[in-house]
Amino acid sequence: MTLYHIADVHIGVKNQRLGDKLFDIQYKHLKRLYEDAVKNNVDFVVIAGDLFDSNSVPMSLARPVFELIAGYRGVHTIIIPGGGASIKDEITGHDAYTKDSIYKRVDIKAYFSRDNIHLLTPDNPYVKIKDVLFQGGFFEVPDYIDEDALYHIAIVHGAFGKNEDEIDPKRLEDTPFDYIALGHYHKHRVFGKSAYAGAFIQFEFTKAKDLKSGFVKVEPGPELNIEYVPFDDAPRFLKVELLSKEDLDSVKDRLNDNTFVQIEGYLDELEDDVMELLENDNVALSDEHFVIESDGTSQVFYDTLLKNLLNYPEEYREEIVSLIMRFIHKKATFPEVKDFLQKRYEI
């Protein structure tokens, strides 16, 4: 048995660089996903929350999405609502299952009478299809239902991590489920039998250079196989700070028709290079960009702090580089920066 797992499509989200073209890209790749499912005899597509960016998405966007899904009658689509909060008792935001939920609209509810579209909610949290039991979890892993099913798949939207406002990731360990499909975070990550699909199509400017768009191909069973399938032609949105010629060359190497760059800050001696870079339509300055004055110590300070990055978890390093740039801009001392980072990241 094979299923495709996606999440965080965010139909209706605003993107200043692409405008209405973003929906066209999302729709094209959704169609590609279902065409691929039919071609490879995949019976199930799981959508782990935030299919829509909000409950106010217009029908002009929502209807074509459901018409597309409904049209692939041989593929069962199992959907759970999402939300923007990380705590179980605060399920709000995006397409959360609230009283004004997009899934409660009369025109939308009609699609759930189709044989191949299934919505899981707190009131109706599971469905059994072809000896596969799907259980929805809403900012928490659901209790396991030991039914006579060949496979048990949990679908959960929520923030699992070590921060205070996140759900303890230990809840994902030693699970009786064959697979837990996660949504909420926009980067693909695997935790044992669980995985975040990441954003279906990236739409936010981020410092993560390895962030991709795509879906997860899952083959449950004794030898669970989790494979990420990227869309190489999807747009990418990068935030960068430029403090050296190497930084400039790195940006130039990544630039192509599908890559958009937002410059957050740069060293003043690089201004001519930055102005030249801005001649590319895919490059722009952040509205709150800053310029660091060259005083002969900035590069040494920067290099010294970067050497300390190895002391911090990899997932925080891009964020830390940005903080370092801003500290240099504010002329903070090395001990001040190091003390701040140690307290913030508890390292």
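In this report, we go over the structure that sits alongside the text. Remember, predicted model here, so these are calculated numbers, not experimental data. (Residues numbered from 1 in each chain as written. Predicted model: local features only at pLDDT ≥ 70, side-chain atom pairs only at ≥ 80, totals over all residues. Heavy atoms only, no water.)

**Side note on the overall build of the chain**
Across its full length, the chain carries eight helices and 15 strands. Per-residue burial for the chain yields a buried fraction of 51% across its 347 residues. Of the roughly 17,100 Å² of accessible surface on the chain, a fraction of 46% belongs to carbon and sulfur atoms. (Helix = DSSP H or I, 4+ residues; strand = E, 2+ residues; numbered from the N terminus. Buried < 20%, exposed > 50% of the residue type's maximum accessible area, 1.4 Å probe, protein only. Areas by Shrake-Rupley, 256 points an atom, 1.4 Å probe, with all protein chains shown as cover.)

**Focus on helix α1 (residues 21-39)**
Here α1 spans 27 Å end to end across 19 residues, near enough to the 27 Å set by a 1.5 Å rise per residue. Where α1 is concerned, the buried positions are L22, F23, I25, Q26, H29, L30, L33, Y34 and A37. Angularly, the buried residues of α1 cover 165° about the axis, an arc narrow enough to put them on a single face. Residues of α1 that are exposed and point more than 90 degrees away from the buried face comprise K21 and K39. Count one or two residues on from α1 and you reach N41, which has phi positive near 55°. (Expected span 1.5 Å × (residues − 1). Arc of directions from axis to C-beta.)

**Focus: the pattern of salt bridges**
A full pass over the atoms with the stated rule returns eight salt bridges. Here R63 and D107 are joined by a salt bridge, their closest N and O atoms 3.4 Å apart. Here D107 lies in helix α3 (residues 106-109) and R63 lies in helix α2 (residues 59-71), a separation of 44 residues in the sequence. Relative accessible area serves as the criterion here: at 44%, D107 is assigned to the partly exposed category. A single network of salt bridges, built from pairs that share partners, joins K28, R32 and D233. (Salt bridge = Lys/Arg side-chain N within 4 Å of Asp/Glu carboxyl O.)

**Comments concerning the nonpolar core**
Formed by 45 residues in total, the largest nonpolar core has its most connected members in Y34, F52 and Y103. Only β1 (3-6), α1, β2 (44-48), α2 and β4 (117-119) provide two or more residues apiece to this core. The element contributing the most residues to this core is α2, with eight residues. With 23 residues, the next largest nonpolar core counts A7, A48, I129 and A181 among its residues. (Core = buried A, V, L, I, M, F, W, Y, C linked by side-chain atoms within 4.5 Å.)

**Section: the packing of α1 against α2**
One way to put it is that α1 packs onto α2 with a least axis distance of 10 Å and a crossing angle of 10°. Between α1 and α2, the interaxial angle falls into the category roughly parallel. Touching F23, Y27, L30, K31 and Y34 of α1 are L61, P64, V65, L68 and I69, all from α2. Here the contact of α1 with α2 is composed, by residue class, of nine nonpolar, no polar and one charged. (Axes fitted to C-alpha atoms, helices over the stretch in contact; angles between N-to-C directions. Parallel < 35°, antiparallel > 145°, perpendicular 65-115°, else oblique. Contact = heavy atoms within 4.5 Å. Nonpolar A, V, L, I, M, F, W, Y, C, P; charged D, E, K, R; others polar.)

**Describing the packing of aromatic side chains**
Counting across every chain of the model gives 16 aromatic pairs. Here F23 and Y27 contribute two aromatic rings whose centre-to-centre distance is 6.0 Å and whose plane-to-plane angle is 45°, an arrangement assigned as tilted. A residue pair is termed a helical-turn pair when its members lie 3 or 4 positions apart in one helix, as F23 and Y27 do in helix α1 at four residues. With a relative accessible area of 16%, F23 lands in the buried category. Residue classification places Y27 among the partly exposed residues on the basis of a relative accessible area of 30%. Pairwise contacts between aromatic rings join F52, F66, Y103, Y111 and F112 into one cluster. Just above the ring of Y97 sits the side chain of K104; from NZ or CZ to the centre is 4.6 Å. (Phe/Tyr/Trp six-rings, centres within 6.5 Å; stacked < 30°, edge-to-face > 60°. Lys NZ or Arg CZ within 6 Å of the ring centre and 35° of its normal.)

**Section: the sheet that holds strand β7 (residues 151-157)**
The strands that make up a sheet pair up through hydrogen bonds in the backbone, lying either parallel or antiparallel. Pairing is mixed in the open sheet, where six strands are placed in the order β5-β6-β7-β8-β10-β9. What marks the edges here is a single partner per strand, and that holds for β5 (126-129) and β9 (189-191). The sheet shows a mean angle of 20° between the axes of neighbouring strands, taken without regard to direction. Taken together, the five bridges between β7 and strand β8 (residues 179-183) define a ladder with parallel strand orientation. Paired with I155 across the strands is A181, a residue of β8. (Pairing = 2+ DSSP bridges.)

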